[in-house]
Amino acid sequence: MKGNFDHFMKKEIHEQPDAIQQTMRGRVVFDADGNVQRVFLGGMVDYLSTIRRSRRIILCGCGTSYNSAIAVRQLMEELTELPVTLELASDVLDRQCPFFRDDSIIFISQSGETADTLRALEYAKSKGALCIGIVNVVGSAISRATDCGLHINAGAEIGVASTKAYTCQITSMVLLALALSEDSRSRADRRMDIMRGVVTLPDTMRRALELDQKMLALARTLVDENSLLLFGRGYNYATALEGALKVKEVALLHSEGILAGEMKHGPLALVDETLPLVVIATRDSSYLKQKSVIEQLRARDARCILIVSEDDDSLDKFASNEDMIIKVPEVCDCLQPLINIVPLQLLSYHLTVLRGHNVDQPRNLAKSVTVE
Ligand code: UD1
Ligand code: F6R
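Residues numbered from 1 in each chain as written. Chains lettered and ligands numbered in written order. Predicted model: local features only at pLDDT ≥ 70, side-chain atom pairs only at ≥ 80, totals over all residues. Heavy atoms only, no water.

A few words now on the pattern of salt bridges. For the structure on display, the rule yields 27 salt bridges. Between R52 and D183 there is a salt bridge, and its shortest N-O distance comes to 3.4 Å. With R52 in helix α3 (residues 48-52) and D183 in the loop between α8 (164-180) and α9 (188-209), this pair connects stretches of sequence that are 131 residues apart. For R52, a relative accessible area of 30% puts it in the partly exposed group. On the basis of relative accessibility, which here comes to 59%, the residue D183 falls in the exposed class. Ionic pairing is found between E249 and K246, a salt bridge with its closest N-O pair at 3.3 Å. (Salt bridge = Lys/Arg side-chain N within 4 Å of Asp/Glu carboxyl O. Helix = DSSP H or I, 4+ residues; strand = E, 2+ residues; numbered from the N terminus. Buried < 20%, exposed > 50% of the residue type's maximum accessible area, 1.4 Å probe, protein only.)

The next thing to look at is the site of ligand 1. Every residue near ligand 1 is listed here: R27, G42, G43, G133, V135, V138, S143, T146, C148, G149, L150 and H151. One of the backbone N or O atoms of S143 is found 3.2 Å from a nitrogen atom in ligand 1. Contact with the protein chains covers 51% of the free accessible surface of ligand 1, which is 730 Å². Of all the secondary structure elements, the ones that give two or more residues to the shell around ligand 1 are β6 (130-135) and β7 (148-151). For the shell around ligand 1, the leading source of residues is β7, giving four residues. (Near = heavy atom within 4 Å. Polar contact = N/O pair within 3.5 Å; in protein donor to acceptor, adjacent residues only side chain to side chain. Areas by Shrake-Rupley, 256 points an atom, 1.4 Å probe, with all protein chains shown as cover.)

Before going further, it helps to spend a moment on the site of ligand 2. Close contacts around ligand 2 come from 13 residues, with S65, S109, S111, T114 and E249 the closest. Here S111 contributes a side-chain N or O atom positioned 2.7 Å from an oxygen atom of ligand 2. In this structure, V160 approaches ligand 2 through a main-chain N or O atom, which is 3.2 Å from an oxygen atom. Surface burial for ligand 2 is 89%, taken as the share of its 410 Å² of free accessible area covered by protein chains.

Before going further, it helps to spend a moment on helix α4 (residues 63-80). Along its 18 residues, α4 runs 25 Å from first to last C-alpha, staying within 8% of the 26 Å computed at 1.5 Å per residue. Along its length, α4 reaches its greatest deviation from straightness, about 45°, at V72. For α4, the tally of buried residues reaches 13 of 18 residues, placing the bulk of the element in the interior. Just downstream of α4 lies E81, where phi reads positive at about 60°. (Expected span 1.5 Å × (residues − 1). Bend = angle between axes of the 7 residues up to and from the residue.)

Overall, the prediction assigns the chain a mean pLDDT of 96, with 100% of residues at 70 or greater. Predicted complex, confidence summary: ipTM 0.98, pTM 0.98. (pLDDT = per-residue confidence, 0-100.)

With that out of the way, let us pick up the packing of aromatic side chains. On inspection of all chains with the given rule, the structure shows one aromatic pair. Above the plane of the ring of F100 lies R55, whose end atom (NZ or CZ) is 4.3 Å from the centre. (Phe/Tyr/Trp six-rings, centres within 6.5 Å; stacked < 30°, edge-to-face > 60°. Lys NZ or Arg CZ within 6 Å of the ring centre and 35° of its normal.)

On to the environment of G155, then. Mapping G155 onto the fold places it in the loop between β7 and α8. Looking at G155, the relative accessible area reads 33%, which means it is partly exposed. In this structure, the C-alpha to C-alpha distance between G155 and D31, residues 124 residues apart in sequence, is 28 Å. Leave out the neighbours within four places in its chain, and G155 touches N136 and K164. (Contact = heavy atoms within 4.5 Å.)

Time to look at the sheet that holds β6. On the basis of which strands lie adjacent, the open sheet formed by five strands has the order β4-β3-β5-β6-β7 and parallel pairing. Edge positions in the sheet fall to β4 (84-88) and β7, since each has one partner strand and no second. On average, each strand axis in the sheet is tilted by 20° relative to the strand beside it, whichever way the strands run. Inspection of the sheet shows strand β3 (residues 56-61) paired to β4 by five bridges, in the parallel sense. Note that in β4 the partner of I57 across the bridge is V84. (Pairing = 2+ DSSP bridges. Axes fitted to C-alpha atoms, helices over the stretch in contact; angles between N-to-C directions.)

This is the structure:
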């Protein structure tokens, strides 16, 4: 079952190019010349106009599935021009969130069985909202209970730490955002750019996976650390959160993802010359701001590990040594989180093996959390 891999987590990280291909299969439509034309979501066609007319879109899930919501929020807002808000499923129930008949609520779950997400879905249905599922497991409770949805078709995910489901969830929601904006002429060029980026994702991700040995070398330098902070913003705030979640849940190393814009509002006090920090600074509209964050961190002699675009040499001087600069292939800005998470998944995997912890069954965790 694990093939040539020692652990399911490693296998599933490396399966991502094929898994994303499966997510796209039959949904990205090409013309006779092989050029990408449009997105077609069979299970959603009857519901797209209702979603477009809704008062807002709410994205709801737990853990990694919630992080995938953070990753697509900005694009969903841009393409739909609707307010898009995020809800952690357990908090929906604790707060008895105000949900309305004209809300469209997207429930994201790999297993489709997570108790908090399922209860939040039942609650949303009782309020009359349109409920949409982004689910991996066909026939699961959330897939059955939603009005419509998209199976992400990532294939079985066995490792407790979610990896390929995360990138396939993001891909599915990017496709949904594209389908929702199909009527908008003013967004046609932007949509086309994104669709062209989507079809290149499997190849781009294969290139990102070539960072495996580089991430092993980096893990060796971090193996005895007690803490790791990750700074991201914009499209890559989710990357910082998801990278930190992977490091803490499998490598059992304290880690926090931080919105870089919040750095001066507290986290900067932790920064010294010993604490390792990861800063995500690939090229997008946040790039100059991230560059300034890096300069401020280096002014305090921080140990900066930088994730940058592959042809960007201008930040090399800020990394303490060549192990600390990670160059990733570039894609369309809103798709970059799909690529940037790959080195962080590999880092958490290698850290776990080097620290001697159980990779596929982390202490105290279950793959499917079926109790609240
Ligand atoms: C469907 C078939 C797929 C086939 C394709 C051919 C299934 C499960 N999928 O895929 O095997 O290759 O047609 O056109 O039979 N749904 C929910 N909630 C969810 C997820 C999905 O209600 O969380 C609903 C959808 O609205 C849809 C149905 O389940 O009605 C199947 O969804 P999905 O597999 O994503 O649809 P297709 O991609 O059309
Ligand atoms: C992290 C992880 C968990 C799950 C969360 C939701 O790697 O696996 O945080 O993402 O328990 O699970 P699903 O997606 O099955 O609802």
